[in-house]
Structures are given as structure tokens and as C-alpha cells.
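Structural characterization, general
Spelled out, the chains give:
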Amino acid sequence: MRLYKALILLPLLACSSTPPDTVALCGADAGADAAQPDASEQRRIVAIIGPSNADGLGNSTLVPDYIDAYPAVTLKQRRAGGATNPIPWVDTSNAPLAPRCLGPNCFGVELSLGRALDAANPGLWSVTKLVIDGSGLNQHWRPGATYPSGGTPLHTQLMTWLAESEAELSGKLAAVVIIQGERDALYAATSAAFQADQEAQIAAIQAVYPDAIFLLNRLHAQTSPAYNSVVRAAQEAQTGVTLVDIDDLSLKGDLVHFTPATYITLGERFASAYLSP
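Residues numbered from 1 in each chain as written. Predicted model: local features only at pLDDT ≥ 70, side-chain atom pairs only at ≥ 80, totals over all residues. Heavy atoms only, no water.

It is worth spelling out the overall build of the protein at this point. When its secondary structure is counted, the protein shows eight helices and eight strands. Residues counted as buried form 52% of the 277 residues belonging to the protein. A total of about 11000 Å² of accessible surface is found on the protein, and carbon and sulfur atoms cover 54% of it. (Helix = DSSP H or I, 4+ residues; strand = E, 2+ residues; numbered from the N terminus. Buried < 20%, exposed > 50% of the residue type's maximum accessible area, 1.4 Å probe, protein only. Areas by Shrake-Rupley, 256 points an atom, 1.4 Å probe, with all protein chains shown as cover.)

What follows concerns the confidence of the model for the protein. With 86% of its residues at a pLDDT of 70 or more, the protein has an overall mean of 89. Residue range residues 6-35 is modelled with pLDDT below 50. Its contacts to residues more than four positions away, or to other chains, number 50 contacts. (pLDDT = per-residue confidence, 0-100. Contact = heavy atoms within 4.5 Å.)

This part covers the pairing of strand β5 (residues 125-132). The buried count for β5 comes to eight of eight residues, which makes it a mostly enclosed element. Residues Trp125, Val127, Lys129 and Val131 line one face of β5 and the alternating positions Ser126, Thr128, Leu130 and Ile132 line the opposite face, and both faces are buried. Here seven bridges tie strand β2 (residues 43-50) to β5, and the two strands are oriented parallel to one another. Within β5, the residue paired with isoleucine 45 across the bridge is serine 126. Direction of pairing for strand β3 (residues 70-80) relative to β5: parallel, over a ladder of seven bridges. (Pairing = 2+ DSSP bridges.)

Under the definition given, this model contains one cavity of 30 Å³ or more. Forming the boundary of the largest cavity are Asn53, Glu182, Asn217, Arg218, Leu219, His220, Thr223, Ile246, Leu251, Val256 and Phe258. Residue composition of the lining of the largest cavity, by class: five nonpolar, four polar and two charged. (1 Å grid on protein atoms, 1.4 Å probe; cavity = no way out; pocket = protein on both sides within 12 Å on 5 of 7 lines; lining within 4 Å. Points joined across faces, edges and corners; volume = space filled by probe spheres on them. Nonpolar A, V, L, I, M, F, W, Y, C, P; charged D, E, K, R; others polar.)

Each pair of packed helices gets described by two things: the angle between the helix axes and the distance between those axes. Two numbers describe how helix α6 (residues 194-208) lies on helix α7 (residues 228-236): the axes approach to 8 Å, and their chain directions differ by 40 degrees. As the angle between them shows, α6 and α7 are arranged oblique. For the element pair α6 and α7, the recorded crossing hand is right-handed. Note on element contacts: α7 touches α6 through Val231, Ala234 and Gln235, opposite Phe194, Gln195 and Gln198. Of the residues contributing to the contact of α6 with α7, the split by class is three nonpolar, three polar and no charged. (Axes fitted to C-alpha atoms, helices over the stretch in contact; angles between N-to-C directions. Parallel < 35°, antiparallel > 145°, perpendicular 65-115°, else oblique. Left-handed = near helix turned anticlockwise from the far one by under 90°.)

What follows deals with the packing of aromatic side chains. Summed over all chains, the structure comprises three aromatic pairs. Centre to centre, the rings of phenylalanine 107 and tyrosine 263 are 5.8 Å apart; their planes meet at 65 degrees, and the pair counts as edge-to-face. Placement of the pair is phenylalanine 107 in the loop between β4 (89-97) and α2 (110-120) and tyrosine 263 in helix α8 (residues 260-275), with a sequence separation of 156 residues. Note on tyrosine 263: relative accessible area 0%, which makes it buried. Centroid distance tryptophan 125 to tyrosine 274: 5.5 Å. Interplanar angle 85 degrees. Geometry classified as edge-to-face. Separated by 149 residues along the polypeptide, tryptophan 125 in strand β5 and tyrosine 274 in helix α8 bring together distant segments of the chain. (Phe/Tyr/Trp six-rings, centres within 6.5 Å; stacked < 30°, edge-to-face > 60°.)

Rendered as C-alpha cells:
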């Protein structure tokens, strides 16, 4: 496990003229002056999976420089507003990277992650998201979980989604961003199983995509669930992953969900962690 703390890629959060509750990408121009990619180089796909913090509950009106579509990066996403049975999936057709709406609950780390990767290696990136609000690793995502009952297990759906993403986006899975742990930290049993569950999930994905790297964020130190420290320790014990620290970033008042500024910062940290040796 590599614990990633520093943000080294782009000048971040605020210009001096930016209101304090907004986020701006200073000097950004959507890569207008970026070099053209080598046409022979295969596109790279970054997958984002997990519950509501992976889905993204950010208010897009507070990140004005991220509202416009970013054509250099394609976004494919399937999301569900709750972990019910059957899964209430909503698909968004492949489109340029952009918030899914204008207002609250409209974006996650993908907006800054995609831009930051494209700034470093222009014209090579796509993002695919499979997310379910309120889901947990033990009950829903781990290999062997029986959710949804009577249907195709979510882990199997995930593997199918990754294969479909490679085919539709004409690329290769380069990284998997896993934002997970808040629900599992609610209970003694699921928090105790977290390390084994996550190791099983990563191993199952690696068996099919051996070149993909795994980027995780450690649960925030102030996250409210009772077994937060158990899940944090399990995340720190993971091997073969990069763990991104977010303890210096802000949470909403519920002490679970990220603020808009945190989504932007974390997306850039994931990109920097991917690009760092």
C-alpha cells in the first residue's frame, strides 16, 4: 500500500477572485493548447465504482469552471439512486465529460480527474462509472455477495460493465478508483470483514485486468460511522494499491459526504497518484 498525500499535478482550488464557496481551475482552458496525442496509442479508461461518494453529490453551480462539457474525455456511466431490489439503474449514453445536472447532487471526482489526466497525456482518456448510492462492499459489491436477490450479482454486473466499457470506449482499463467504506464502517461485522472483502474484490478484477492499478481514498478521520477506525486500518493494510489521504479535506455536515471542493481536490489527487512513479 502506498499512502499518497501530496497534490503535485495542477494548481488547484482558488484564484484570488474566486468566491470562497466555489472552485475554479485557474488558467484552465479545457486543453486548447495541448499537444495532439499519438494516434497509435491506445485510449486509457479509468473506472470509478462505489456508493454515493463515488456517484458524487457535489453542487455543480459551485464549480463554475467545470460545468461546460470537456470533449477530450468521454464519460460512460450507470448509476442507481439506492441499493434497492431490483437495482434502479439509470444509464447515461457516452458523452463528453460534464456534470450530470446543474445544481445539487450532480458530480463527483470525475470532472477534475478526467481533466487532470488529459492535461498530462492529452486525448487518451475515458472515464466509466458504475455507482449505487447507499451501497456497501460486504453486502453489495464483494465477490460472493448475493445482491440483488434473484438477479445477476453486482460483482458480475461490474465485470460485464468493465468489458463493455473497453469495447464501447475503444480502450484499455488503466485504473480503478474505489471510493468505499462508509456503509461498512457502520457495523462491527462488516468493518471487520472489510480488508478481506476488498482484497477479494481487487483480486477478482486483477485476474481479468492484470495491468490496471487501484486507487483508493482512505476514509476521512472525521467520518461519522462508529467503526471508521477499523475500516481505515483495513485500508492501510491493503497491498498493491495506492491509498489517497483526504484527512485535510472537508466533509458536509453529515460527516459522510464530500463537499464540492473536496470532490475537485480528490479527483486531482487520484490523477496525480496515477501519474506519480
